[in-house]
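A closer look at the structure
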Amino acid sequence: MCVHQQTLLNQLREVTGTTDVQLLQQALQVSNGDLAEAVAFLTEKNAKVPQQDETTYYQTSQVASDKYISVGSQADTNVIDLTGDDKDDLQRAIALSLEESNRAFRETGITDEEQAISRVLEASIAENKASLKRTHTEVWSDSPNPYDRKRIDTCPVGLKNVGNTCWFSAVIQSLFNLLEFQRLVLNYSPPARVHDLPRNQKEHRNLPFMQELRNLFSLMVGSKRKYVDPSRAVEILKDAFKSSESQQQDVSEFTHKLLDWLEDAFQMKAEEDREGEKPKNPMVELFYGRFLAVGVLEGKKFENTEMFGQYPLQVNGFKDLHECLEAAMIEGEIESLHSAENSARSGQEHWFTELPPVLTFELSRFEFNQALGRPEKIHNKLEFPSMLYMDRYMDRNRDITRIKREEIRRLKEHLTLLQQRLERYLSYGSGPKRFPLADVLQYAMEFASSKPVCTSPVEDIDSSAPPGGTTGQPTAEQDSLPALETSAQQQRIPIHKPFTQSRLPPDLPMHPAPRHITEEELRVLEGCLHRWRSEVENDTRDLQGSINRIHRTIDLMYSDKSMMQVPYRLHAVLVHEGQANAGHYWAYIYDPHQRCWMKYNDISVTKSSWEELVRDSFGGYRNASAYCLMYINDKKPFLIEEEFDKETGQVLSGMDKLPPDLKQYVKEDNELFGKEIEEWDALQARKAQQEKLPASPLLPLPLTPQQDPEYMEQPSPTNDSKHLQEDTERAISRAAAEQEERSPEALLNAAIKLEYARLLRFAQEDTPPENDYRLQHIIVYFIQNQAPKKILERTLLTQFADRNLAFDERCKSIMNVARAKLDLIKPDEVNMDEYEMWHQAYRNFRETTIFMMSGLELFQKTNYIEALMYLIYSYQYNKELLSKGLYRGHDEELLGYYRRECLLKLNEQAAAMFESGEEAEVSTGLGIMNELVVPCIPLLLIHDTERDLLAVEDMRNRWCSYLGQEMESNLQEKLTDFLPKLLDCSTEIKSFHDPPKLPAYSTLELSERFSRVMAALGRVPTEAR
């Protein structure tokens, strides 16, 4: 049975619910592989009433699709009953299932979640090719700075997402990192005759794709870019996805198609190279194996050999990969296989006769929900090993494996009995609530040992007695019955009649305890309970020990050396995150040279770990899980070994790997990228020259040289000068009062020392966030960030050289001396570039503060839409500041908290609008997500902090929860179009809104307003502290 036929069998099984393998095969044979005809055949076979005519069906389906059901409703309208014998309902369900598989939210088959992406492929290619103008949040845009796109040393090259093509990147990277496959592709040369005229359609399609794949691989080997564009190779794929024979391709089918194309291309070359001999196709040798199907069909035994490529495995109901494989290797009832007597039972076993060097498993994590009419993803945990031994599945080990399987079967039967016995001890009782028997006996022992202590009901409720009741505390004598009656009588006030009528029995003990038991009875009972509890604990311990020993015996059943001769090491794991009809793909690939796992996520390639792989791939944690596992034969190192130069014996790396034509291709691309860097450098040099401004310690300037000089309005010089003038004059007055020498120079030196001492105290003072002295004076900022002494001195001189000081002769003379000292400073004494750098850093700090302050103000006013951009930019700018020093910015966790909360608030608002179902509200809500929230998600993902990741997961889960709900078709289409953007896990920053324009603030205004905002925050949230 070929892999494609196995895929169709699984699709038929899930759509129709038929489990009879022979019947499914018969349906496929009758229909010549047409899925719709096979479904019709099975329907005819299982139903007795006439088929619903086409006109009636279309009328019914139209009514069903037009029926509006709001989001979140569980309406029973138009529900199809699949439990009865009505063939119309069954036909309608199947027809709807097949029809809606062409829509973006409906797929069927082994890997259901991937079909939606392949159907988007053609549209996304058309968009890219036509260069359609889209909003900045919907397209992938490269950073204008080529240094952001420059490859670092020999770091692996990423692949750009050119429109929902993360699946392409995951598959291609997994294959590229198989060095033997890489060599085959790079060194491929088309048959000589093809240069004249390709003979058929396959050659017209496959050979150009082969050339584009070679070009792509060569760039991934030798490019100086951090990531490369695969558009040309992807574009050729569109013909395969829109052709009539492949209307419902999914990502697994893409992998099949890719290998088919490569197989065809290499077959042509092999036939040309080996005329007259049976050619060997390297793709077949690398990826295809054979298994022997041994079985019984209606009492008749059979054996036949079949070829396979990617081997499909069901996930649901299994805990690990070996359980999946065991189930896949046995179909139907196989008792008759091992007995001499023939029976009518049918079934078969699969035994591998030849395994490929690269063994790929497709994990089917999707099942079709007939009630909802759509596929659902299975999030169950499925473990798989990093080293997989395939001996137990080999035909040569058939006899010993059958013996071991039989032994395991007996052990599991015994295990089931032991677990049932243990369960009776751990869940004891006959009612709905059950408890461990040892605990029950312990509780009984505690009850028997308790002493009865009676108390008045008033004593228990006195502290919360109603107004008008007895307020006095009961005395010790009130423990007696007469006293209780008296107390109860005191409560009998007409207004509290309900309380007096429902008073507690007078002899009720305070705690549960036996009221009548003799010492002898207690001693006997305690002895029995203690003995019984010990017996139960011993029995429980023995059962658990037996169960653990059986588990260990089963685990070690195949651990002897004879069954560890076919080792396969995990090479790559392809991961999907999301739901059945939307999600994102990436790959974990093992690097044997660095001995670590690498994560390939579109343009991002980072070091990872086995722990991260397990978290994202096993399932059961969030919505991510593996859908494809690629193992390689550990005894065939050529698969991942580097190539050696035949003459020098040195390892070939980089451009040395490439044949001459590809070496030239990469060289030209690298030269283009080099020119791009040169042009960028020249542009930045011109901008720096144009925007270079004289130093002014108190006037904020643009945050970066690239931004418009009008980016931020200049604060009023008058306001700043007045504030600074007052500080300066106070220093001069104190200096004059304390200084005996009255010369201007002596007063200047004394005043500078006093001013510096004042500012130093501020810098060293431990103050709450609302009192940030850095905003009050630049020198405080300089001191905290350890600016050079020369920078401090010149800045203070500039303060005292201010012309606004010239109100009296003393200040005027001091100002003149300060200006003269500034003029006498030689260039070699103070580095003016360094001086300007420090003042620019302070201007950046002020501007970041204004972003932060504005964002927090708007957040407090619940204006989350406007607040977001301020918080986003303040966080990013602040992070840049903090990278240069702890005191160069503000509290990163505080900013991170409010950035995160703002996104969550907007997500909540947008989801509520979507749930309303109103067209205007829905459009506004999706606009908020597309324009604001989605572009910000990479900012939360890029640093991989737990709280940000959880926030992203919360946002995604909110929208993914709608997938299981009935809604109007236009809402479903909008949701299906939106979800891939939300679930995109790439950390590439897409083009963004421009930073908001900032208002002008004087130093005093900025300090006071910042203080008010920070004080209004109150206590910093625990999470952000």
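From a predicted model like this one, the values you see are computed outputs, not experimental measurements.

Turning our eyes to something else, we now look at the overall build of the protein. When its secondary structure is counted, the protein shows 33 helices and 16 strands. Intrachain contacts of the protein at a sequence separation of at least 6 include 72% that bridge at least 24 residues. When the accessible surface of the protein is summed, it comes to about 50,700 Å², and 51% of that surface belongs to carbon and sulfur atoms.

Per the stated rule, a full pass over the model turns up 35 salt bridges. Measuring nitrogen to oxygen at the nearest pair gives 3.0 Å for the salt bridge that ties Asp 669 to Arg 225. Of this pair, Asp 669 sits in helix H21 (residues 660–691) while Arg 225 sits in the loop between helix H9 (201–222) and strand E2 (227–228); the two residues are 444 residues apart in sequence, bridging distant segments of the chain. Across the pair, Arg 225 and Asp 669 agree in class, each one buried. The closest approach of N and O atoms between Arg 956 and Glu 577, which form a salt bridge, is 3.1 Å. Placement of Arg 956 in helix H31 (residues 946–960) and of Glu 577 in strand E12 (residues 567–579) is noted, with a sequence separation of 379 residues between them. On the basis of relative accessible area, Arg 956 is assigned to the buried category, the value being 3%.

Turning next to the packing of aromatic side chains. Given two aromatic rings, one states the distance between the centres and the angle between the planes to describe the pair. Tallying each qualifying case throughout the model produces 33 aromatic pairs. Between the aromatic rings of Tyr 188 and Phe 266, the centroid separation amounts to 4.9 Å while the plane-to-plane angle is 65°, which identifies the pairing as edge-to-face. Separated by 78 residues along the polypeptide, Tyr 188 in the loop between helix H8 (179–186) and H9 and Phe 266 in helix H11 (residues 251–273) bring together distant segments of the chain. For the pair Tyr 188 and Phe 266, one class covers both residues: buried. The interplanar angle of 80° and the centroid separation of 5.1 Å between the aromatic rings of Phe 209 and Trp 261 together place this pair among those described as edge-to-face. Here Trp 261 lies in helix H11 and Phe 209 lies in helix H9, a separation of 52 residues in the sequence. Classification of Phe 209 as buried rests on a relative accessible area of 1%. Aromatic ring contacts, followed pair by pair, group Phe 384, Tyr 590, Trp 597, Trp 610 and Phe 618 into a single cluster. Above the ring of Tyr 835, the side-chain terminus of Arg 794 is found at 5.3 Å from the ring centroid. Geometry around Tyr 875 places Arg 899 over its ring, the cationic atom sitting 3.7 Å from the centre.

Turning to the nonpolar core, a few remarks are in order. Within the largest apolar cluster, 101 residues are counted, with the highest numbers of intra-cluster contacts made by Phe 782, Phe 800, Leu 868, Phe 914 and Trp 959. Beyond its immediate sequence surroundings of up to four residues, Trp 959 is in contact with Asn 907, Ala 910, Ala 911, Phe 914, Leu 926, Met 929, Leu 975, Phe 978, Leu 979 and Leu 982. Grouped together as the second largest cluster of nonpolar side chains are 62 residues, Leu 159, Phe 217, Ala 233 and Val 666 included.

The next subject is the side chain of Gln 348. Examined against the element boundaries, Gln 348 turns out to sit in strand E7 (residues 347–354). Take Gln 348: its relative accessible area is 8%, and that puts it in the buried class. Within the structure, the side chain of Gln 348 is placed 3.4 Å from the side chain of His 350, a separation counted as a polar contact.

So, about helix H25 (residues 789–800). Along its twelve residues, H25 runs 17 Å from first to last C-alpha, staying within 8% of the 16 Å computed at 1.5 Å per residue. Turning to H25, its buried residues number three or more, namely Ile 791, Leu 792, Arg 794, Thr 795, Leu 796, Leu 797, Gln 799 and Phe 800.

What follows deals with the pairing of E12. Across the 13 residues that make up E12, a large majority, 13, are buried. One ladder, built from three bridges, connects strand E11 (residues 387–389) with E12; its direction is antiparallel. Considered in E12, the bridge of Met 387 is made with Arg 569. Two strands pair when backbone bridges link them, and E12 and strand E16 (residues 624–633) are joined in this way by nine bridges, in the antiparallel orientation. Residue Leu 570 lies in a different strand from E16, and its bridge partner there is Tyr 631.

The next point concerns the packing of helix H28 (residues 864–882) against helix H29 (residues 892–916). At a closest axis distance of 9 Å, the pairing of H28 and H29 adopts a crossing angle of 150°. When the axis of H28 is compared with that of H29, the two are roughly antiparallel. For the pair H28 and H29, the crossing hand works out as left-handed. Contacts between H28 and H29 involve Tyr 864, Ile 865, Ala 867, Leu 868, Leu 871, Ile 872, Ser 874, Tyr 875, Gln 876, Asn 878, Lys 879 and Leu 882 from the first element and Glu 892, Leu 895, Gly 896, Tyr 898, Arg 899, Cys 902, Leu 903, Lys 905, Leu 906 and Gln 909 from the second. Here the contact of H28 with H29 is composed, by residue class, of 13 nonpolar, five polar and four charged.

Time to look at the pairing of strand E14 (residues 596–601). Along a regular strand, successive side chains alternate from one face of the sheet to the other. Counting buried positions along E14 yields six of six residues, so the element is predominantly enclosed. Side chains Cys 596, Met 598 and Tyr 600 of E14 all project onto a buried face; the interleaved residues Trp 597, Lys 599 and Asn 601 project onto the opposite face, where all are buried too. As defined by bridge partners, E14 adjoins strand E15 (residues 604–607) across four bridges and the pair is classed as antiparallel. Residue Met 598 lies in a different strand from E15, and its bridge partner there is Lys 607. Here E14 folds back onto E15 in antiparallel fashion, the turn holding two residues, of which Asp 602 has a positive phi close to 55°.

What follows concerns the packing of helix H23 (residues 744–764) against H25. Running from N to C, H23 and H25 cross one another at 115°; their axes reach a closest spacing of 11 Å. If you check the angle between H23 and H25, you find them roughly perpendicular. Every pair of crossing elements has a handedness; the one defined by H23 and H25 is right-handed. Along the contact surface, H23 presents Leu 748, Ala 751, Ile 752, Glu 755, Tyr 756 and Leu 759, while H25 presents Leu 792, Leu 796, Leu 797, Gln 799 and Phe 800.

Right, let's talk about the environment of Gln 173 for a bit. Mapped onto the elements, Gln 173 comes out in helix H7 (residues 166–176). Taking the relative accessible area as the measure of exposure, Gln 173 reaches 2% and is therefore buried. Residues Gln 173 and Pro 156, 17 residues apart in the sequence, show an inter-C-alpha distance of 9.7 Å. Ignoring any residue separated from it by four or fewer positions in sequence, one finds Gln 173 in contact with Val 157, Gly 158, Leu 159, Met 220, Ile 589 and Tyr 600.

Here Arg 595, not a glycine, exhibits a phi torsion of approximately 55°, which is positive. Following the sequence through the fold, Arg 595 ends up in the loop between strand E13 (582–591) and E14. Using a relative accessible area of 70% as the deciding quantity, one classes Arg 595 as exposed. Non-glycine residue Thr 862 carries a positive phi angle of around 60°. Its place among the elements puts Thr 862 in the loop between helix H27 (832–860) and H28.

The predicted structure's coordinates, where accompanied by low pLDDT, should not be read in detail. Confidence in the prediction of the protein, expressed as mean pLDDT, is 76, and 70% of residues score 70 or more. Of all the helices and strands in the protein, helix H4 (residues 54–66) carries the lowest mean pLDDT, 35, while E11 carries the highest, 95. This stretch, residues 47–140, has a pLDDT under 50; its non-local contacts, to residues over four places away or in other chains, come to 188 contacts. Residue range residues 693–718 is modelled with pLDDT below 50. Its contacts to residues more than four positions away, or to other chains, number 69 contacts.

This paragraph deals with the environment of Val 651. By the element assignment, Val 651 lies in the loop between E16 and H21. Those residues in contact with Val 651 that lie beyond four places of it in its chain are Glu 642, Glu 643 and Phe 644.

Conventions we followed
- Residues numbered from 1 in each chain as written.
- Predicted model: local features only at pLDDT ≥ 70, side-chain atom pairs only at ≥ 80, totals over all residues.
- Heavy atoms only, no water.
- Helix = DSSP H or I, 4+ residues; strand = E, 2+ residues; numbered from the N terminus.
- Contact = heavy atoms within 4.5 Å.
- Areas by Shrake-Rupley, 256 points an atom, 1.4 Å probe, with all protein chains shown as cover.
- Salt bridge = Lys/Arg side-chain N within 4 Å of Asp/Glu carboxyl O.
- Buried < 20%, exposed > 50% of the residue type's maximum accessible area, 1.4 Å probe, protein only.
- Phe/Tyr/Trp six-rings, centres within 6.5 Å; stacked < 30°, edge-to-face > 60°.
- Lys NZ or Arg CZ within 6 Å of the ring centre and 35° of its normal.
- Core = buried A, V, L, I, M, F, W, Y, C linked by side-chain atoms within 4.5 Å.
- Polar contact = N/O pair within 3.5 Å; in protein donor to acceptor, adjacent residues only side chain to side chain.
- Expected span 1.5 Å × (residues − 1).
- Pairing = 2+ DSSP bridges.
- Axes fitted to C-alpha atoms, helices over the stretch in contact; angles between N-to-C directions.
- Parallel < 35°, antiparallel > 145°, perpendicular 65-115°, else oblique.
- Left-handed = near helix turned anticlockwise from the far one by under 90°.
- Nonpolar A, V, L, I, M, F, W, Y, C, P; charged D, E, K, R; others polar.
- pLDDT = per-residue confidence, 0-100.

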